[in-house]
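A structural walkthrough
Residues per chain are reported as follows:
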Amino acid sequence: MVSPELAIPLSLVLPIVGCFFIWLFGKQPNLREGATLTTAVVLLFLAVTIFSAVGAGARPDYVAFDVLPSLPIAFRVEPLGALFALIAAGLWLVNSGYSIGYMRGHDEPHQTRFYMSFAVAISSAIGVAFAANLFTLFIFYEVLTLSTFPLVTHKGDASARRGGRIYLGILMGTSIGLLLPGIAWIYAITGTTDFSAAPGGILAAHVDDVAPILPLLLGLFAFGVGKAALMPIHPWLPNAMVAPTPVSAFLHAVAVVKAGVFSVLKIVIYIFGVDFLAETGAAAPFMWIAGGSILVASIVAMQKDNLKARLAYSTVSQLSYVTLGAMLATSMGVVGGAMQIAAHALGKMTLFMCAGAIYVGAHKTLVSEMRGLGRTMPITFAAFFVGAMSIVGLPPLSGSWPKFFLMLGAADAGQMAIIVILMISSVLNVIYLLSIPVQAFYLSPETTADGRALGAKSAAVDWSAIKEAPVLCVVPPVVTALGALALFFFADPLFHYLQPLVESAP
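Here the structure is a predicted model, which is why all the values come from computation and not from measurement.

The rules behind the values
Residues numbered from 1 in each chain as written. Predicted model: local features only at pLDDT ≥ 70, side-chain atom pairs only at ≥ 80, totals over all residues. Heavy atoms only, no water. Helix = DSSP H or I, 4+ residues; strand = E, 2+ residues; numbered from the N terminus. Buried < 20%, exposed > 50% of the residue type's maximum accessible area, 1.4 Å probe, protein only. Contact = heavy atoms within 4.5 Å. Axes fitted to C-alpha atoms, helices over the stretch in contact; angles between N-to-C directions. Parallel < 35°, antiparallel > 145°, perpendicular 65-115°, else oblique. Left-handed = near helix turned anticlockwise from the far one by under 90°. 1 Å grid on protein atoms, 1.4 Å probe; cavity = no way out; pocket = protein on both sides within 12 Å on 5 of 7 lines; lining within 4 Å. Points joined across faces, edges and corners; volume = space filled by probe spheres on them. Phe/Tyr/Trp six-rings, centres within 6.5 Å; stacked < 30°, edge-to-face > 60°. Polar contact = N/O pair within 3.5 Å; in protein donor to acceptor, adjacent residues only side chain to side chain.

**What about the environment of Gly325?**
With respect to the helices and strands, Gly325 occurs in helix H14 (residues 307-327). Its relative accessible area of 0% is what places Gly325 among the buried residues. A C-alpha to C-alpha distance of 13 Å links Gly325 and Leu230, two positions 95 residues apart in sequence. Among residues more than four places away in sequence, those in contact with Gly325 are Gly333, Val334 and Leu406.

Below you can see the structure in the form of structure tokens.
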């Protein structure tokens, strides 16, 4: 057995080793993709090892080296980081299988570069998850941005280059212009960038120094972590949708946006402290910004006919749930935000992989083209329906629990208006997400100019006319849809796993 302490550096190095073998087997697709899947399986084993140890009370750590005497590249795993790493590793395995079906089915170019970039990106995401201090988190946060840039610009056309410029410009601009000064300011005040060994934060011991500037300091992190896509630092996300669908699923569910909201939540818990923010009220402005982002992004999503664009703005909205949970500064808000990371990962990855399967199997990208398509792609649209139900927050899907805990957190904070925002958001989710499988299954198919049906000709599924995408494009979203269902019934163990995050919170 691998010890949790050893599993930390192995988890960081393994994807880089996998990247080498992907490059080595670049001209042999079966071996190349075998290297990807093998790396993903072993990484998942390491993530499970660490997750189990943390659940048993361990806090494994590993110090790589000191850049300066008080600025080490160091790692320490607590429940939130262990959960994020497990999500990233597990869904990378699912996404790798899906990528094989998608990239081959669509005959995408530059597949070796594609898989290599994925491997480096997952290593950096694990680094963010395990970071023991802000300095280490910043380093891996930047590597994650740079390693995903080739994925966003994969197609190499004008729209991909434009999307890549916006992606890189906003994420690097916010991290260097806001996040880095925030880290330097924390270091100047406290003499460290270490995450507190327990919930409560490191700033509570410096009340006199930080009280007047606390909202400003919190703002540097809320907007400096651009991957959290809090409005108005969000345009990079919809512009990144020019990437192939496996990349979109990776950006939205596995690594990039999850690294963003994970970082915000971890910084609130271990740097600012939930109690400290509750006492000072410094988080209140950002709570309202997050609430506004939830509603505005949902309204924009309703107006998008392109399926991936609609899902992208849905992600902007759903990410703000995590930021909202952090800024409520209550124990239930923090737990709700943490559970949203897991629930959204499963639900949104399901939706994006279904969007890719629709593109590969039917060459459709617009919501208006989905009429009747569920009768020829019933498995894909059934999985889409389950994913959408989870995002909406309807039981028995995992997405219902985060909204429940966020509402409890809002009630604890005395913010009844936030509960109203969450309820309105759920209604908007129903309108712009569930309408898609409804029209796919129940509306008459669109017809061509000469009257030929584009979908099936009757309301019933004609099994002889089924035209699903290749099996590797269909099985993965079914797996994640089932995961969204299963997580609903494991909410209590997950809740107790996350309890150490808020042991001292109100």
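**Structural notes on the packing of helix H15 (residues 331-362) against helix H17 (residues 400-412)**
In helix packing, the relevant descriptors are the interaxial angle and the interaxial distance, both defined with respect to the helix axes. Following both chains from N to C, one finds H15 and H17 inclined at 160°, their axes separated by 7 Å at the closest point. Taken together, the axes of H15 and H17 are roughly antiparallel relative to one another. Along this stretch, H15 crosses H17, giving a crossing that reads as left-handed. Across the interface between the two elements, Met332, Gly333, Gly336, Gly337, Met339, Gln340 and Ala343 of H15 pack against Trp401, Pro402, Phe405, Leu406, Leu408, Gly409 and Asp412 of H17.

**Comments concerning empty space enclosed by the protein**
Enumeration over the complete set of coordinates arrives at four cavities of 30 Å³ or more. Contributing to the lining of the largest cavity are Gln318, Gln340, Ala343, His344, Ser390, Ile391 and Gly399. At the level of elements, H15 and helix H16 (378-392) are the ones that each hand at least two residues to the lining of the largest cavity. Top contributing element to the lining of the largest cavity by residue count: H15, with three residues.

**Here we look at unusual backbone geometry**
Of note, the bond from Met231 into Pro232 is cis; its omega dihedral lies within 30 degrees of zero at 5°. Within the secondary structure, Pro232 is located in the loop between helix H8 (214-224) and helix H9 (236-239). Pro396 follows Pro395 through a cis peptide bond whose omega is 5°. With respect to the helices and strands, Pro396 occurs in the loop between H16 and H17. Positive phi, normally seen in glycine, also occurs at His110, with a value near 55°. Here His110 lies in the loop between helix H3 (79-105) and helix H4 (111-130). What makes His110 partly exposed here is its relative accessible area of 47%. You will see that His363, though not glycine, has its phi angle at about 60°, which is positive. As for its placement among the helices and strands, His363 is situated in the loop between H15 and H16.

**So, the layout of surface pockets**
In this structure, the largest pocket spans a volume of roughly 450 Å³. Mapped by element, the contributors of at least two residues to the lining of the largest pocket are helix H2 (29-55), H3, H15, helix H19 (471-489) and helix H20 (491-498). The computed volume of the second largest pocket comes to approximately 230 Å³. Taken together, 18 residues make up the lining of the second largest pocket; nearest its centre are Lys155, Met241, Asn306, Lys308 and Thr365. Secondary structure elements with two or more residues in the lining of the second largest pocket: H14 and H15.

**Points about the packing of aromatic side chains**
Within the structure shown, the criterion is met by 20 aromatic pairs. Between Phe75 and Phe140, the ring centres sit 5.7 Å apart and the planes meet at 70°, which makes this aromatic pair edge-to-face. Of this pair, Phe75 sits in strand S2 (residues 71-76) while Phe140 sits in helix H5 (residues 134-152), and the two are 65 residues apart along the sequence. For the ring pair Phe381 and Phe441, a centre distance of 6.3 Å and an interplane angle of 75° mean the geometry is edge-to-face. Taken together, the residues span a long stretch of sequence, with Phe381 in helix H16 and Phe441 in helix H18 (residues 416-442) at a distance of 60 residues.

**A closer look at the side chain of Ser99**
When you line up the elements, Ser99 lands in helix H3. Note on Ser99: relative accessible area 2%, which makes it buried. In this structure the side chain of Ser99 is engaged in a polar contact, spanning 2.7 Å, whose partner is the backbone oxygen of Asn95. In this structure Ser99 touches Arg104, Phe114, Tyr115 and Pro246, once residues within four positions along its chain are discounted.

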